Amino acid sequence: MGASQPGGPSLPQERRLVTAIPGPKSTELMTRRNAAVARGVSTTLPVFVTQAGGGVVVDVDGNSLIDFGSGIAVTSVGNSAEGVVRRASEQLQRFTHTCFMVTPYESYVAVAEQLNELTPGDHDKRTALFNSGAEAVENAVKIARAHTKRPAVVVFDHGYHGRTNLTMALTAKNMPYKESFGPFAPEVYRVPVAYPYRWLTGADNCAEEAAAQAIDMITKQIGAHNVAAVVIEPILGEGGFIEPAKGFLPRIVEFCKANGIVFVADEIQTGFCRTGQWFACDDEGIVPDLITTAKGIAGGLPLAAVTGRAEIMDSAHAGGLGGTYGGNPVACAAALGAIETMRGLDLNGAARRIGEIMLDRLGTMSEKFAEIGEVRGRGAMIAIELVKPGSKEPNAELAGAVAKACHAQGLLVLTAGTYGNVLRFLPPLVIPEHLLVEGLDVLEQAFAGSV
Ligand SMILES: *Cc1c(COP(=O)(O)O)cnc(C)c1O
């Protein structure tokens with residue numbers, strides 16, 4: 001947690017409510033928004049932002065909200081990190097675009113070098129850049145299919161991989177991501193994941209049994225020799241910050257290796273210091289064949305990547321991968337600024353410290369409130385799963401009510417989970433400690449007022 005980060009440097013790091021949330025100006029803008037913007041694009045917290053940075057988001061009415069969302073795990077370095085703003089601004093002055101496939105520029109290569117160095121494993125690697133997480137996942141599948149000459153892709157219960165046609169097929173949850181948008185891409189198969197809290201025979205059996213079931217389904221229902229790729233988030237994000245039971249991921253990796261299947265880690269949400277490591281795979285020593293990244297990579301500018309073993313990455317023929325904007329020079333400059341900031345401020349250490357403070361406080365809260373079924377997560381990726389007291393029945397109503405109460409008091413929190421009953425916390429890694437603690441105070445009061 002760095003000192004107050006610029007947004008510019010003048011942006012006070014405080015929670016400040018001067019109107020109701022949303023205030024009159026935001027309410028007026030929402031009316032315009034609803035008349036102009038498609039209904040399918042929703043809004044979690046309808047305040048219109050004018051400035052943001054460090055740990056706060058400031059709205060048109062002058063309210064300053066504590067940010068526990070980071071624009072969905074994107075602004076890990078803050079919304080206006082000095083290094084990101086400086087490098088992106090310099091690039092904007094020089095040129096905005098050439099298309100890397102037409103005439104290249106150095107910053108794309110430098111981002112690829114950084115990714116090859118920072119991602120798990122010291123084997124020879126290559127990287128390709130794209131615009132969004134979903135696009136990166138699609139390309140990982142293309143590359144795995146080109147490499148293996150096999151059709152099938154295996155994904156997991158509670159997984160989330162994006163909103164394009166193929167990635168909707170890879171995503172588990174129907175509402176809101178898939179409902180009425182099919183038919184979906186073929187040759188996608190879903191198998192169980194080791195979800196300790198909800199494993200029927202108990203958390204202790206979870207890793208072994210879930211891996212056995214997944215492998216049995218792959219071998220009996222698909223045929224391992226038909227599988228190009230297994231795609232998994234090392235912590236399942238939208239699914240509710242589910243940490244697969246220890247031992248599950250290594251078992252799946254081992255199975256992939258034995259059967260020539262490309263193991264793809266989707267680290268779009270977990271990557272770039274979010275969990276207190278460069279990548280969540282690092283915690284169990286997992287070395288994926290391919291890794292997809294986006295979100296935290298470029299301090300808020302749109303950029304995504306596939307990085308992996310050179311021989312797999314280079315299976316795709318020249319001209320087979322790319323896109324008009326992929327690896328845009330301004331986004332690449334921003335990524336170099338973001339990575340420099342992560343190293344310079346030791347944001348892995350900051351994420352671990354955030355995790356300690358949050359887990360400690362939420363652990364105490366869970367003793368007070370029977371509705372908190374589980375507290376889980378790593379680093380600055382922490383969640384609480386809410387249930388009806390005395391059971392494990394999901395309590396989505398309470399998650400919604402607490403989130404709403406937090407918003408009204410100037411704390412931006414997000415919900416998640418297949419059952420909609422998870423409150424997730426993703427503060428910027430540069431949030432000042434006093435705001436983190438104040439945010440947790442607001443959360444506890446919101447909880448006490450909602451149960
Ligand atoms: C957000 C997310 C995606 C999709 O990224 P977009 O940039 O929204 O396309 C894919 N996988 C995971 C794990 C994500 O969290």
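Residues numbered from 1 in each chain as written. Predicted model: local features only at pLDDT ≥ 70, side-chain atom pairs only at ≥ 80, totals over all residues. Heavy atoms only, no water.

### Observations regarding the domain arrangement of the protein chain
Rule in force here: Note: domain ranges come from an automatic or database domain assignment. Any two residues having at least one pair of non-hydrogen atoms within 4.5 Å are treated as being in contact. When two parts are put together, the accessible area they lose, computed with a 1.4 Å probe and summed over both, is reported as buried area. Counted as salt bridges are all cases of a side-chain nitrogen of Lys or Arg within 4 Å of a carboxyl oxygen of Asp or Glu. Contacts described as polar in this section are N or O atom pairs within 3.5 Å, which, within protein, must combine one atom able to donate a hydrogen with one able to accept it, while residues neighboring in sequence count only if both atoms come from side chains. A helix here means a DSSP run of H or I that spans at least four residues, while a strand means a run of E at least two residues long, and both kinds are numbered starting from the N terminus.
Domain parsing of the protein chain yields domain 1 (24-77 + 346-450) and domain 2 (83-344). On a C-alpha basis, the centroid separation for the pair domain 1 and domain 2 is 25 Å. In this complex, domain 1 contributes 40 residues to the contact, which on the side of domain 2 involves 35 residues. Across the interface of domain 1 and domain 2, roughly 3,100 Å² is buried in total on both sides, 52% from carbon and sulfur atoms. Three residues stand out in domain 1 for area buried against domain 2, namely Asn 348, Arg 378 and Met 381, and they jointly supply 26% of the buried area on that side. One salt bridge connects Arg 424 with Glu 238, and the closest N-O pair in it is separated by 3.0 Å. At the surface where domain 1 touches domain 2, the tally comes to 24 residue pairs in polar contact (both at pLDDT 80 or more). Elements that contribute at least two residues to the side of domain 1 that touches domain 2 include exactly α2 (70-73), α11 (347-368), β11 (372-378), β12 (381-386) and β15 (422-425).

### Side note on the pattern of salt bridges
Keep this limit in mind: Accessibility here uses a 1.4 Å probe with only protein chains present; expressed as a share of the type maximum, an area under 20% marks a residue as buried, one over 50% as exposed, and anything in between as partly exposed.
Evaluated as defined, the whole model comprises 23 salt bridges. Its salt-bridge partner being Arg 309, residue Asp 289 comes within 2.7 Å of it at the nearest N-O pair. Note that Asp 289 is positioned in the loop between β8 (262-266) and β9 (290-293) and Arg 309 in strand β10 (residues 304-309), a separation of 20 residues in sequence. Both residues of the pair, Asp 289 and Arg 309, count as buried. Among the salt bridges present, the one from Glu 374 reaches Arg 376, with a minimum N-O distance of 2.8 Å. You can call Arg 376 buried: its relative accessible area is 6%. Connected via shared salt-bridge partners are Glu 82, Arg 86, Arg 87 and Glu 340.

### Comments concerning the side chain of Thr 307
Along the chain, Thr 307 falls in strand β10. A polar side-chain atom of Thr 307 sits 2.8 Å from a polar atom in the side chain of Thr 127. Aside from chain neighbours lying at most four places away, what touches Thr 307 is Leu 115, Asn 116, Thr 119, Lys 125, Arg 126, Thr 127, Asp 289, Leu 290, Ile 291 and Met 313.

### As for unusual backbone geometry
Residue Pro 22 follows Ile 21 across a cis peptide bond; omega there is -5°. Assignment of secondary structure puts Pro 22 in the segment before α1 (24-36). Cis geometry is found at the peptide bond from Met 175 to Pro 176, where omega equals 10°. Assignment of secondary structure puts Pro 176 in the loop between α6 (165-170) and β6 (188-191). Phi at Glu 187 is positive, roughly 60°, even though this residue is not glycine.

### Focus on the sheet that holds strand β4 (residues 125-130)
Cut-off, in case you're wondering: One bridge is not enough; two strands pair if DSSP finds at least two bridges between them. Axis angles are defined between N-to-C directions and span 0 to 180 degrees, where every axis is a line fitted to C-alpha atoms and, for a helix, only to the segment in contact.
The strand order across the open sheet formed by seven strands is β4-β10-β9-β8-β7-β5-β6, and the pairing between neighbours is mixed. Edge positions in the sheet fall to β4 and β6, since each has one partner strand and no second. Within the sheet, the average angular offset between the axes of one strand and its neighbour, ignoring direction, is 20°. Of the strands in this sheet, β5 (152-156), β7 (227-232) and β8 are in contact with helix α8 (residues 248-258), which crosses β7 at around 165°.

### Some thoughts on helix α10 (residues 329-344)
How we decide: Take the residue count of a helix, subtract one, and multiply by 1.5 Å to get its expected span.
With 16 residues, α10 should reach 22 Å at 1.5 Å per residue; the first-to-last C-alpha distance of 22 Å fits that figure. Most of α10 is tucked away: 13 of the 16 residues are buried. The residue sitting at the N-terminus of α10 and contributing the capping side-chain oxygen is Asn 328; that oxygen lies 2.8 Å from the backbone nitrogen of Val 330. Backbone geometry just after α10 places Asp 346 at a positive phi near 45°.

### A short note on the pairing of β9
Burial along β9 is two-sided: Leu 290 and Thr 292 facing one way and Ile 291 and Thr 293 facing the other are all buried. Where β8 meets β9, three bridges bridge the pair, whose relative direction is parallel. When the bridges of β9 are listed, Asp 266 appears paired with Thr 292. Bridge count between β9 and β10: four bridges; the pairing is antiparallel. Among the inter-strand pairings, Ile 291 is bridged to a residue of β10, identified as Thr 307.

### A word on the pairing of β6
Note the threshold: Crossover handedness is defined by viewing with both strands directed away from the observer: a clockwise path from the first strand over the helix to the second marks the crossover as right-handed.
Pairing between β5 and β6: four bridges, direction parallel. Considered in β6, the bridge of Phe 156 is made with Val 191. Regarding topology, α6 serves as the crossover connection from β5 to the parallel β6, and that connection is right-handed.

### Quick word on the site of the ligand
The condition is simple: To be near a molecule or strand, a residue needs just one of its heavy atoms within 4 Å of it. All accessible areas in this document rest on Shrake-Rupley with a 1.4 Å probe, and a residue is counted as covered only by the protein chains that are shown. Polar here means any residue outside two lists: the nonpolar Ala, Val, Leu, Ile, Met, Phe, Trp, Tyr, Cys and Pro, and the charged Asp, Glu, Lys and Arg; Gly therefore counts as polar.
Taken together, Ser 132, Gly 133, Ala 134, Tyr 160, His 161, Gly 162, Glu 233, Asp 266, Ile 268, Gln 269 and Lys 295 are the residues near the ligand. Between the ligand and Gly 133 there is a distance of 2.7 Å, counted from an oxygen atom to a backbone nitrogen or oxygen. Taking Tyr 160, its main chain carries an N or O atom lying 3.4 Å from a nitrogen atom of the ligand. Alone, the ligand offers 380 Å² of accessible surface; in the complex the protein occludes 82% of this. Considered class by class, the residues forming the shell around the ligand number three nonpolar, five polar and three charged.

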